[in-house]
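Below are the chains, spelled out letter by letter.
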Amino acid sequence: MTREQDLADLVRHEDEMVARASFNFAVFDHDERALRGCVYIDPAEKPGADAEISWWLVDGKIGGELEAAMRDEIPRWITEMWPFKTPRHIGRDCSWAEYLELPDAG
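Residues numbered from 1 in each chain as written. Predicted model: local features only at pLDDT ≥ 70, side-chain atom pairs only at ≥ 80, totals over all residues. Heavy atoms only, no water.

Peer 1: Give a detailed account of the packing of aromatic side chains, specifying residues and quantitative values.
Peer 2: The final tally for this structure, using the stated rule, is six aromatic pairs. For the ring pair phenylalanine 25 and tryptophan 77, a centre distance of 5.2 Å and an interplane angle of 85° mean the geometry is edge-to-face. Of this pair, phenylalanine 25 sits in strand E1 (residues 23-28) while tryptophan 77 sits in helix H2 (residues 65-81), and the two are 52 residues apart along the sequence. Its end group placed over the ring of tyrosine 99, lysine 46 keeps NZ or CZ at 5.4 Å from the ring centre. (Phe/Tyr/Trp six-rings, centres within 6.5 Å; stacked < 30°, edge-to-face > 60°. Helix = DSSP H or I, 4+ residues; strand = E, 2+ residues; numbered from the N terminus. Lys NZ or Arg CZ within 6 Å of the ring centre and 35° of its normal.)

Peer 1: Now, about the pattern of salt bridges: what can you tell me, with residues and values included?
Peer 2: Taken as a whole, this structure holds three salt bridges when the rule is applied. Of the charged contacts, one joins lysine 46 and aspartate 104 as a salt bridge, the two residues approaching to 3.1 Å between their closest N and O atoms. A residue pair is termed long-range when its members are at least 10 positions apart, and lysine 46 in the loop between strand E2 (35-42) and strand E3 (51-57) and aspartate 104 in the segment after helix H3 (96-101) qualify at 58 residues. Since its relative accessible area comes to 8%, lysine 46 is described here as buried. Classification of aspartate 104 as exposed rests on a relative accessible area of 59%. For arginine 76, the salt bridge identified is with glutamate 73, shortest N-O distance 2.7 Å. (Salt bridge = Lys/Arg side-chain N within 4 Å of Asp/Glu carboxyl O. Buried < 20%, exposed > 50% of the residue type's maximum accessible area, 1.4 Å probe, protein only.)

Peer 1: An account of H2 is requested, with residue identities and associated values reported.
Peer 2: Between its first and last C-alpha atoms H2 spans 23 Å; for 17 residues at 1.5 Å apiece the expected length is 24 Å, and the two agree. Within H2, the axis deviates most sharply at glutamate 73, by approximately 30°, and proline proline 75 lies no more than four positions further along. (Expected span 1.5 Å × (residues − 1). Bend = angle between axes of the 7 residues up to and from the residue.)

Peer 1: Tell me about unusual backbone geometry, and please be specific about residues and values.
Peer 2: Positive phi, normally seen in glycine, also occurs at glutamate 32, with a value near 55°. In this fold, glutamate 32 is placed in the loop between E1 and E2. With a relative accessible area of 62%, glutamate 32 lands in the exposed category.

Peer 1: Now, about the pairing of E1: what can you tell me, with residues and values included?
Peer 2: Bridge analysis of E1 against E2 gives six bridges, and the strand direction is antiparallel. Considered in E2, the bridge of asparagine 24 is made with tyrosine 40. As consecutive antiparallel partners, E1 and E2 are separated by six residues, and within that stretch glutamate 32 has a phi angle of approximately 55°, a positive value. (Pairing = 2+ DSSP bridges.)

And the structure:
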């Protein structure tokens, strides 16, 4: 992404959060100086779920402790703290390829 595209994306995420339509959480290091990844909670765009959860990590954190912790803790956090009945964890419940093959909702 260019700097301008990133800024536009951040503005879009802020607008969605203000509208309580979608949520984006940054994952930082312990000192909150380096971005390690993001977690997204979005309305379902495909049938069979009431929310779609996805996340990413910077390349250097893939395959390590942070990835393992996120893989375990994000579903627990969603179940315990959010009101969803059928959240879809993209990349866990189904692969991205499988997700993209699903028909669009409505």
